[in-house]
Amino acid sequence: MTYAWYPGCSLRGTGRAYEESLLAVFKALGVEVEELKDWNCCGSTTYLSVDELTSYALVARNLALAGREKRDIVAPCAACYMVLNKTHHYVNDYPDVKLAVNRAMQAIGLVYDEKVKVRHPLDVLLNDVGVKAIKEKVTKPLKGLKVAPYYGCQIVRPYATFDDQANPVAMDRLLEACGAKVVHYPLKTTCCGGSQKGALPEVGLDLIHYLLSEAKRQGADVMATVCPLCQFNVEAFQQDAASVRPAVSMPVVYFSQLMGLALGCSAKAVGLKRCLVSVEPLLAEKEIAYA
Amino acid sequence: MVIRRIVKFEAERDPDFANWVTRMAGGERIRHCLQCGQCSGTCPLSLYMDHTPRQLMHLAREGFKEEVLTSSAIWMCTSCYACAVKCPKKINITHLLYAFKERAITEHRYPKRFVVAVLARQFARMVNKSGRVTESRLMLKVCLRTTIVRILGLTGIGWGLLRTGRMGFGNEHIEARNDLVKIIESVRATRKELAL
């Protein structure tokens, strides 16, 4: 079964390494994906606060396009994943929303398809591929690497479809299958501040500092993320956070970058050079071999 | 020292606003609010808000329109949905805050030059026009419309992103841009018809 790949805007910008590494992981594990033809932006949570109804209709275009291809969507970005799922919920629950969406789709010659499932790569990797199959494909185990699994908000909230809302474990299981040691990380679903860093620096920087210092306190060497905004915030603003709070430096990567390395993908294939806080010295120190 | 009356009289409330809140998609459960405060307790930003989420719920359903729409709190929400999943009455608080923001924008009540509000409008404008968002261009637009000095603070990170190939200035867009125009027009017509 081939999935409709919905990268979203961030994975074409700051989150480029997320798309590169996920596609490398999918390839290594035989998960077939093909980019959803002419997909459009999900509007994120931002568009929802400008024009909610139009936002659903714009999102529905993607669901309709996938429905036409008879494919389920795989959406790696937390905001895309949440907003696509939310649209299904609101169209289903509210007749007015349904009417507006159906008419908008009619206007562009498409049909909204409620059967299109929106899935996250964590879900696909854990439940379709499975831990056993992943373990068999691991050639360069991440032995001795201590990872803090940071899920952020919107993968599990408000629509937890494949994991627990307060204590998700999908990423933990996947990284363990790759030989890493996953540390206890109580802040795994705590907010990174989203785009508040831009508006109220002191608020955003505090949250970023807590996330980093707790990961350090739990003994983590590196933080693994599943959301392009989390990854960007926690990685890019480490220096800024150090200006208001004690400095904590830690590489912050996408979980798929670590998985890719374990599955034998090259450093280039998983976009390792795109890190602002390089993870390579750490891998060398831990004597973790990678292609 | 400015002395002003803080307590409002019942006649100063706006019942239309309360009706609008309870009638909107996702707003029907606001009457069930117990004022338990789980939302404010779990909110990572409530420490900085002028009205906490619990207060906003009560103000909104009682028709304190002015307080709700001019509140800084609605612009602080990061959409983490912690309140929505904690609420024992299953009120989608995060969702209601989107609606307050939308209304504040429509009625031009949002704080001028405030980054979150500017970002929201520029974001939507870009999606309407191109169908996709180019992050670097969006950031530039937001900086130009708020404080241009902000760009200086971001140069270090900007350089890092350029160096690692994470920032492009190309204009991402979809092929069927005409679809966007048709969708927006269609929704506008439906909204008018249903008086939403």
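Just so you know, these numbers come straight off a predicted model, no measurement behind them. (Residues numbered from 1 in each chain as written. Chains lettered and ligands numbered in written order. Predicted model: local features only at pLDDT ≥ 70, side-chain atom pairs only at ≥ 80, totals over all residues.)

## Considerations on helix α6 (residues 93-106) of chain B
Residue and element names in this part refer to chain B.
Part 1 of the reasoning: The end-to-end C-alpha distance of α6 is 20 Å, a good match for the 20 Å that 14 residues give at a rise of 1.5 Å each.
Part 2 of the reasoning: With 12 of 14 residues buried, α6 lies mostly within the body of the structure.
Part 3 of the reasoning: Along α6, the residues that are buried comprise I93, T94, H95, L96, L97, Y98, A99, F100, K101, E102, R103 and A104.
Part 4 of the reasoning: At the C-terminal side of α6, H108 shows a positive phi close to 55°. (Helix = DSSP H or I, 4+ residues; strand = E, 2+ residues; numbered from the N terminus. Expected span 1.5 Å × (residues − 1). Buried ≥ 20, exposed ≤ 12 C-beta atoms within 10 Å, placed from the backbone.)

## Digging into the interface of chain A and chain B
Part 1 of the reasoning: Counting residues at the interface gives 53 residues for chain A and 54 residues for chain B.
Part 2 of the reasoning: Of all elements in the fold, only α2 (44-48), α3 (52-68), α5 (95-107), α9 (196-199) and α10 (201-217) of chain A reach the threshold of two or more residues within the side of chain A that touches chain B.
Part 3 of the reasoning: For the side of chain A that touches chain B, the leading source of residues is α5(A), giving 7 residues.
Part 4 of the reasoning: Looking at the side of chain A that touches chain B residue by residue, the classes come out as 25 nonpolar, 17 polar and 11 charged. (Contact = placed C-beta atoms within 7 Å. Nonpolar A, V, L, I, M, F, W, Y, C, P; charged D, E, K, R; others polar.)

## Some thoughts on unusual backbone geometry
All names here are of chain A.
Part 1 of the reasoning: Of note, the amide linkage connecting R157 to P158 takes the cis form, showing an omega dihedral of -5°.
Part 2 of the reasoning: With respect to the helices and strands, P158 occurs in the loop between β5 (146-150) and α8 (170-177).
Part 3 of the reasoning: A positive phi angle, close to 55°, is found at K70, a residue other than glycine.
Part 4 of the reasoning: Mapped onto the elements, K70 comes out in the loop between α3 and β3 (73-74).

## A closer look at the packing of α3(A) against α5(A)
Residue and element names in this part refer to chain A.
Part 1 of the reasoning: Interaxial distance between α3 and α5 falls to 9 Å at its minimum, and their mutual angle equals 55°. Judged by the angle between their axes, α3 and α5 are oblique. Seen from above, α3 lies across α5 with right-handed handedness. Facing L53, Y56, A57, A60 and A64 of α3, the residues of α5 in contact are V97, A100, V101, A104 and M105.
Part 2 of the reasoning: Taken together, the residues that form the contact of α3 with α5 break down as 10 nonpolar, no polar and no charged. (Axes fitted to C-alpha atoms, helices over the stretch in contact; angles between N-to-C directions. Parallel < 35°, antiparallel > 145°, perpendicular 65-115°, else oblique. Left-handed = near helix turned anticlockwise from the far one by under 90°.)

## Observations regarding the environment of D128(A)
Part 1 of the reasoning: Following the sequence through the fold, D128(A) ends up in helix α6 (residues 121-129).
Part 2 of the reasoning: The spatial distance from the C-alpha of D128(A) to the C-alpha of V31(A) is 8.9 Å, given a sequence separation of 97 residues.

## Details of the sheet that holds β5(A)
Residues and elements named next belong to chain A.
Part 1 of the reasoning: Strand order in the open sheet formed by 4 strands is β6-β5-β7-β8, with parallel pairing between adjacent strands. Lying at the two open borders of the sheet, with one neighbouring strand each, are β6 (181-182) and β8 (252-254).
Part 2 of the reasoning: As paired strands, β5 and β6 are joined by 2 bridges and run parallel to one another. Residue V147 lies in a different strand from β6, and its bridge partner there is V182.
Part 3 of the reasoning: Each of β5, β7 (222-225) and β8 is contacted by helix α11 (residues 228-236), which is oriented at about 160° to β8, the strand it contacts most. (Pairing = 2+ DSSP bridges.)

## Observations concerning the pairing of β7(A)
All names here are of chain A.
Part 1 of the reasoning: Residues V222 and A224 of β7 are buried on one face, and the alternating residues M223 and T225, pointing to the opposite face, are buried as well.
Part 2 of the reasoning: In this sheet, β7 lies alongside β5 in parallel orientation, the contact comprising 4 bridges. Bridge pairing in β7 links A148 to M223.
Part 3 of the reasoning: By the bridge criterion, 3 bridges tie β7 to β8 in an arrangement that is parallel. Paired with M223 across the bridge in β8 is V252.

## Things to note about the packing of α3(A) against helix α10 (residues 177-194) of chain B
Part 1 of the reasoning: Contact pair α3(A) / α10(B): the axes reach a minimum separation of 9 Å and the direction vectors enclose 140°. Between α3(A) and α10(B), the angle falls in the class oblique. Between α3(A) and α10(B) lies a crossing of right-handed hand. Taking contact as the criterion, the partners of L53(A), T54(A), A57(A), L58(A) and R61(A) in α3(A) are, on α10(B), D179(B), I183(B), I184(B), V187(B) and R191(B).
Part 2 of the reasoning: Among the residues making up the contact of α3(A) with α10(B), the classes are represented as 6 nonpolar, 1 polar and 3 charged.

## So, the domain arrangement of chain B
Part 1 of the reasoning: If you check the domain split of chain B, you get domain 1 (12-106) and domain 2 (115-194).
Part 2 of the reasoning: Placing the centre of domain 1 of chain B and that of domain 2 of chain B at their C-alpha centroids yields a distance of 27 Å. (Domains from an automatic or database assignment.)

## Looking at the nonpolar core
Part 1 of the reasoning: Ranked by size, the top nonpolar core spans 166 residues in total, and within it I73(A), L174(A) and L258(A) carry the most contacts.
Part 2 of the reasoning: Not counting residues up to four positions away in its chain, the partners in contact with I73(A) are Y3(A), A4(A), Y6(A), L36(A), A66(A), L84(A), V116(A), V118(A) and R119(A). (Core = buried A, V, L, I, M, F, W, Y, C linked by C-beta atoms within 7 Å.)

## Remarks on α10(B)
For an α-helix, 3.6 residues make a turn, and residues three or four places apart therefore share a direction.
Residues and elements named next belong to chain B.
Part 1 of the reasoning: Here α10 spans 26 Å end to end across 18 residues, near enough to the 26 Å set by a 1.5 Å rise per residue.
Part 2 of the reasoning: The set of residues buried in α10 consists of D179, L180, I183, S186, V187 and T190. Buried residues of α10, viewed axially, fall in a sector of 135°; they line one side. Of the residues in α10, the exposed ones pointing more than 90 degrees away from the buried face are N178 and K192. (Arc of directions from axis to C-beta.)

## Quick notes on the domain arrangement of chain A
Residue and element names in this part refer to chain A.
Part 1 of the reasoning: Under the domain assignment, chain A is made up of domain 1 (2-119) and domain 2 (129-285).
Part 2 of the reasoning: Here the C-alpha centroids of domain 1 and domain 2 sit 24 Å apart.
Part 3 of the reasoning: Of the residues lining the interface, 23 residues belong to domain 1; the matching set on domain 2 comes to 27 residues.
Part 4 of the reasoning: Of all the secondary-structure elements, those providing two or more residues to the side of domain 1 that touches domain 2 are α1 (16-29) and α4 (78-93).
Part 5 of the reasoning: Per-element tally for the side of domain 1 that touches domain 2: the top contributor is α1, with 10 residues.
Part 6 of the reasoning: Here the residues of the side of domain 1 that touches domain 2 sort into 14 nonpolar, 6 polar and 3 charged.

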